[in-house]
Amino acid sequence: VGDIELSYRLPWALNGEVEYRFRNHRFAVTFDYQKKSRQDVTPALVTNSDPSFVDGPRLAIKAAIGDWTLGARDLWRVNEDWDIALRLDYDPRSIPDESLNPVNLDFTSWEAAVGGRYAVSPRVTLSMTYAFRYLQPIDVTNSLYQARLPGDSGLNLPSAIGLYDPDPVHRIVIGVEWGG
């Protein structure tokens, strides 16, 4: 229990998409960039805490760099009622190995998705998407963090040295659109 005052700078973002239409297809390339380096260090002040030894200045160190994602998609209009889409996204890590930790974890990822949309009527549309995301393993051999460092250093977390090998992610999204 306690109070915390912190300075949390939001990253600015840039998004873009270029689409090319050819017959029944809509091809697109998408790009997203966030200047996460604005959040490399987050200073905080803890007061009125219980236990009181937590009181004092604190730092959270991310050492993040610019975060970007590149994607491509094809939307195929089969007929007036059916659309089918394919999508592929690449998202490299924005956190260097040395500053990875359990609360600052990031993976390079590839995601492939396929989806369909069916117009049941002029007012009701059903959709379903399946996506598979592969997260690239990370073998951290050097870590900035040491649990015995002072709390105000921002580096007093357990060392993150080790192999991080996450399972792939499967996602299914089912949608219903109803409009007038």
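Here, every reference points to the structure presented above.
Residues numbered from 1 in each chain as written. Predicted model: local features only at pLDDT ≥ 70, side-chain atom pairs only at ≥ 80, totals over all residues. Heavy atoms only, no water.

1. Brief notes about the overall build of the chain
- When you go through the chain residue by residue, the secondary structure sums to zero helices and 12 strands.
- Reading the chain from its N terminus to its C terminus gives the helix and strand order β-β-β-β-β-β-β-β-β-β-β-β.
- With the C-alpha coordinates aligned to their principal axes, the bounding extent of the chain is approximately 65 × 40 × 30 Å.
- Summarising the internal contacts of the chain: among those between residues at least 6 apart in sequence, 58% fall at separations of at least 24.
- Carbon together with sulfur atoms contributes 59% to the accessible area of the chain, which is approximately 11,900 Å² in total.
- Between the centroid of the 18 positive side chains of the chain and the centroid of its 24 negative side chains there is a distance of 6 Å. (Helix = DSSP H or I, 4+ residues; strand = E, 2+ residues; numbered from the N terminus. Contact = heavy atoms within 4.5 Å. Areas by Shrake-Rupley, 256 points an atom, 1.4 Å probe, with all protein chains shown as cover. Lys, Arg positive; Asp, Glu negative; His and termini not counted. Charge placed at Lys NZ, Arg CZ, Asp CG, Glu CD.)

2. Digging into the pattern of salt bridges
- In total, this model carries 11 salt bridges according to the counting rule given.
- For Arg73, the salt bridge is made with Glu17, and the minimal N-O distance between the two is 3.0 Å. A residue pair is termed long-range when its members are at least 10 positions apart, and Arg73 in strand β6 (residues 67-77) and Glu17 in strand β2 (residues 13-22) qualify at 56 residues. (Salt bridge = Lys/Arg side-chain N within 4 Å of Asp/Glu carboxyl O.)

3. Quick look at unusual backbone geometry
- Following Asp50, the chain continues to Pro51 via a peptide bond in cis, the omega torsion being 15 degrees.
- Looking at where Pro51 falls in the secondary structure, it is placed in the loop between β4 (41-47) and β5 (56-61).
- Of note, Arg23 is a non-glycine position whose phi angle comes to about 55 degrees, a positive value.
- Note on placement: Arg23 falls in the loop between β2 and β3 (25-34).

4. Some thoughts on the sheet that holds strand β9 (residues 124-135)
- With antiparallel pairing, seven strands are arranged side by side in an open sheet as β2-β3-β6-β7-β8-β9-β12. Lying at the two open borders of the sheet, with one neighbouring strand each, are β2 and β12 (169-178). Pairwise comparison of adjacent strand axes, ignoring direction, gives a mean angle of 15 degrees for this sheet.
- The sheet contact formed by β9 and β12 spans 10 bridges and is antiparallel. Its bridge partner lying in β12, Val124 is registered against Trp178. (Pairing = 2+ DSSP bridges. Axes fitted to C-alpha atoms, helices over the stretch in contact; angles between N-to-C directions.)

5. Some words on the packing of aromatic side chains
- As enumerated under the stated definition, the model contains five aromatic pairs in all.
- Judged by centre distance (4.9 Å) and plane angle (40 degrees), the rings of Trp82 and Tyr118 are tilted. With Trp82 in strand β7 (residues 82-91) and Tyr118 in strand β8 (residues 109-119), this residue pair connects regions lying 36 residues apart in the sequence.
- On the accessibility criterion, Trp82 (39% relative accessible area) is partly exposed.
- The exposure class assigned to Tyr118 is partly exposed, which follows from its relative accessible area of 30%. (Phe/Tyr/Trp six-rings, centres within 6.5 Å; stacked < 30°, edge-to-face > 60°. Buried < 20%, exposed > 50% of the residue type's maximum accessible area, 1.4 Å probe, protein only.)

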